[in-house]
Amino acid sequence: MRILFTIGCLLLAGMLHAQHELQGRVLDASDNAPLEQATVYFPQLENGVITDTDGNFHIRQLPEGTYKLVVSMIGYAAFTQSITL
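None of these values were measured; they are calculated from a predicted model.

Asker: I'm lost on the environment of Arg60 in this one. Help?
Answerer: Position of Arg60 among the secondary structure elements: in strand E4 (residues 56–63). For the pair Arg60 and Gln19, spaced 41 residues apart in sequence, the C-alpha to C-alpha distance is 7.7 Å. Among the polar contacts made by the side chain of Arg60, one reaches the side chain of His58 at a distance of 3.4 Å.

Now the structure itself:
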């Protein structure tokens, strides 16, 4: 009985955490052309997406915290930045 109660509390705590979203657009720095199929990824969360044909991305259900964001694409230098949600 004690094990089930502990698991129930952990599930409830997980549901109470605030969820955040991150959206944006990935562009070529030289001519501002949108980059299709660029990867936008949070390594610590193992969560990411690929940009659409207009370079747009939208990542949902991100937990609060500070994480490293990595944007990469073949033929381009990777962009890395710390993001606080």
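Asker: Looking at this structure, how should I read unusual backbone geometry?
Answerer: Only a minority of non-glycine residues have a phi that is not negative, and only a minority of peptide bonds are not trans. Look at Asn32: it is not a glycine, yet its phi comes out positive at around 60°. Mapped onto the elements of the fold, Asn32 is located in the loop between strand E1 (19–25) and strand E2 (39–42). Asn32 gets classed as exposed once you look at its relative accessible area, which sits at 55%. Within the chain, Gln61 stands out as a residue other than glycine whose phi angle is a positive 55°.

Asker: Just checking my understanding: could you explain the layout of surface pockets for this structure?
Answerer: Over the atoms, a rolling probe the size of a water molecule traces out where space has been left empty. Counted as a void, the largest pocket has a volume near 280 Å³. Of all the elements in the fold, those that place two or more residues in the lining of the largest pocket are E1 and strand E5 (66–72). If one sorts the elements of the lining of the largest pocket by residue count, E5 sits on top with three residues. Taken together, the residues that form the lining of the largest pocket break down as 13 nonpolar, one polar and two charged.

The rules behind the values
- Residues numbered from 1 in each chain as written.
- Predicted model: local features only at pLDDT ≥ 70, side-chain atom pairs only at ≥ 80, totals over all residues.
- Heavy atoms only, no water.
- Helix = DSSP H or I, 4+ residues; strand = E, 2+ residues; numbered from the N terminus.
- Polar contact = N/O pair within 3.5 Å; in protein donor to acceptor, adjacent residues only side chain to side chain.
- Buried < 20%, exposed > 50% of the residue type's maximum accessible area, 1.4 Å probe, protein only.
- 1 Å grid on protein atoms, 1.4 Å probe; cavity = no way out; pocket = protein on both sides within 12 Å on 5 of 7 lines; lining within 4 Å.
- Points joined across faces, edges and corners; volume = space filled by probe spheres on them.
- Nonpolar A, V, L, I, M, F, W, Y, C, P; charged D, E, K, R; others polar.

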